[in-house]
Amino acid sequence: MYDYRYEPHRLIFMIDNKSFFASCEALRLGLNPMKAIIAVLSRQDNSSFGSGLIMAASPLAKRKYGLKNVMRARNIPKDALRPGKDQLQLVEPHMNLYIKRSMQILEIFRKYAADEDIHVYSIDESMIDMTKSWRLFGDDPYLVGRKIQEDIHDQLGLYTTCGIGENPLLAKLAMDISAKHRMSMIDFWHYIDVPDTIWKIPNLEDVWGINTRTANHLRRIGITNMYTLAHTDPEILKREFGVIGEQLFAMSWGVDRSIIRQKYFPKNKSYGNSQVLTRDYFDQREIEIVIREIGEQVAARIRAHHLKTACVGLFVGYSFAEREKGNKRGGFNIRQKIISTDSNDELVHELIALFRKKWRGEAVRVLGVDYSQLSPNDNQQLTFFLTPSQEIKRQRFDITVDKIRKKYGFSSLVKASSLLSGATAIQRSKLVGGHNGGNAYE
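An unreviewed UniProt entry lists the protein chain under the name Y-family DNA polymerase, with Candidatus Lactobacillus pullistercoris given as the organism. According to its UniProt record, the protein chain has this under Sequence similarities (unreviewed entry): "Belongs to the DNA polymerase type-Y family."

J.: So what exactly am I meant to see when it comes to unusual backbone geometry here?
T.: Excluding glycine, most residues fall at negative phi; most peptide bonds, likewise, are trans. Even without a glycine there, the phi angle at Met-185 is positive, about 60°. One can find Met-185 in the loop between α5 (168–178) and β8 (186–189). Owing to a relative accessible area of 12%, Met-185 belongs among the buried residues under this scheme. Residues other than glycine seldom take positive phi values, yet Gln-373 does so here, at roughly 50°. With respect to the secondary-structure elements, Gln-373 resides in strand β12 (residues 364–376).

J.: Explain the pattern of salt bridges here, please?
T.: Working definition: two side chains of opposite charge can pair if their charged atoms are close together. Counted according to the given criterion, the structure contains 28 salt bridges. Where Asp-402 meets Arg-303, a salt bridge forms, and the shortest distance between an N and an O atom there is 2.6 Å. Taken together, the residues Asp-402 in helix α13 (residues 388–408) and Arg-303 in helix α10 (residues 284–304) connect sequence positions 99 residues apart. Since its relative accessible area comes to 8%, Arg-303 is described here as buried. Look at the salt bridges and you will find they share partners, linking Glu-107, Arg-110 and Asp-115 into a network.

J.: Looking at this structure, how should I read the sheet that holds strand β7 (residues 160–165)?
T.: Whenever strands of a sheet pair, they do so through backbone hydrogen bonds, lying parallel or antiparallel. A sheet is described by the order of its strands in space; here five strands give the open sequence β5-β6-β1-β7-β8, paired in mixed fashion. The open sheet has two edge strands, β5 (118–122) and β8, and neither has a second partner. Across the sheet, the axes of successive neighbouring strands diverge by a mean angle of 20°, strand direction being ignored. Here four bridges tie β5 to strand β6 (residues 125–129), and the two strands are oriented antiparallel to one another. Residue pairing for β6: Val-120 is matched across the bridge by Ser-126. Each of β1 (12–17), β5 and β6 touches helix α3 (residues 95–109); the most contacted strand, β5, lies at about 155° to it.

Criteria and cut-off values
Within each chain, residue numbers correspond to sequence positions counted from 1 in written order. A pLDDT threshold of at least 70 governs which residues receive local features in this predicted model, and a stricter bar of 80 or more applies before side-chain atom pairs are shown or counted, although totals over entire chains, interfaces and linings include all residues. For the side-chain quantities, the full set of heavy atoms in the structure was used; hydrogens and water were omitted. UniProt positions are given in the numbering used here, feature names are shortened, and annotations may be inferred rather than shown by experiment. Under the DSSP-based scheme used, a helix requires at least four consecutive residues in state H or I and a strand at least two consecutive residues in state E, with every element numbered from the N terminus. Three labels apply to residues, based on accessible area from a 1.4 Å probe with only protein chains included: buried if under 20% of the type maximum, exposed if over 50%, partly exposed otherwise in between. A carboxyl oxygen of Asp or Glu within 4 Å of a side-chain nitrogen of Lys or Arg is what we treat as a salt bridge. A pair of strands is considered paired only if DSSP assigns at least 2 bridges between the two. Helix axes use the C-alpha atoms of the stretch in contact, all axes being lines fitted to C-alpha atoms, and the angles between their N-to-C directions lie in the range 0 to 180 degrees. Contact definition: two residues touch when any of their heavy atoms are within 4.5 Å.

See below:
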């Protein structure tokens, strides 16, 4: 058990934009987000309609047709696509528009709290520590939450859900579990309410931080709901889950000691990127073209931060076709320590070597690259194979290409191999977060 007298008692607001992508699209089309029947469907240009993925659906579309995020287009009920006043309207994503709206919402939050008390959890969710500032805007936290909702709606037309809690966990659960079902779309969870709130949650997967795998593990040891979790011996949880077990026990009692302004900075940072390919790749040349493109893209990122890497990693994921053949390996993940560098040529050379070391002709569908063990790029490592002037020339070449692409766009300067079959860099340069960027001012 926990003695709540000694736990942090703060005032945290967790604010979520309701069906954010779909709401932005509805407003772009002049529709009311709460009355529109609309869904955002993302798919590659050369993919079939059925393989498209629903990124977001409006509240009415969810209720009327049972749509869910990450549902395939092929699973949309046929009734939803029949012409009529209740026909589902499918639109492509406009990621630049969503980013613009997210930044505008952040500016509204800055009216209510200092930057260090705001944590942007995702593009459509943010957490605000209002402990020191809420009294400037009202006599009751509910009224302050309502004022923030009204500001966002009046300026941008978007509807928001607000969870309020004495710590970030309680605020998040209040928002996820109860606020979205209330007419006001606001709810406030206190420590004292834990027996009537957290312990009454019947489905473990409904709780933030408990995924399906963890929930199934809990059920295997006889824990089927949050009440049972809160009354389980913590030593059992620690034995089964390690440190995560202690966190699960604390969560079941509504305990979270994190302070938003005390930002966490990882000791070992890395940069990476991955791609799900639009088709199965069998040809070694095509696969290596994409590896080179991703490798150079991530190299440009570390150069932008004036860093170099001493460890390269390559992930290759096989297609479903390989599983059907009985191939038990889903792919491979391999790393290699190298002499610190930020050179495109050296990094790509290492990545291709790693690929050739492990690949045995399998069909490839996913590729990923990451660079770790980063350090400041404040010196130049000389080699026996190039003169100092050649090293400097190659480094300046990479930096010059980075500057041109930053100013005029990626496709302003590309290698000839990116024009060959299988290359993806030019097409992906038009995307934002893997989806159509669109115009932020539409």
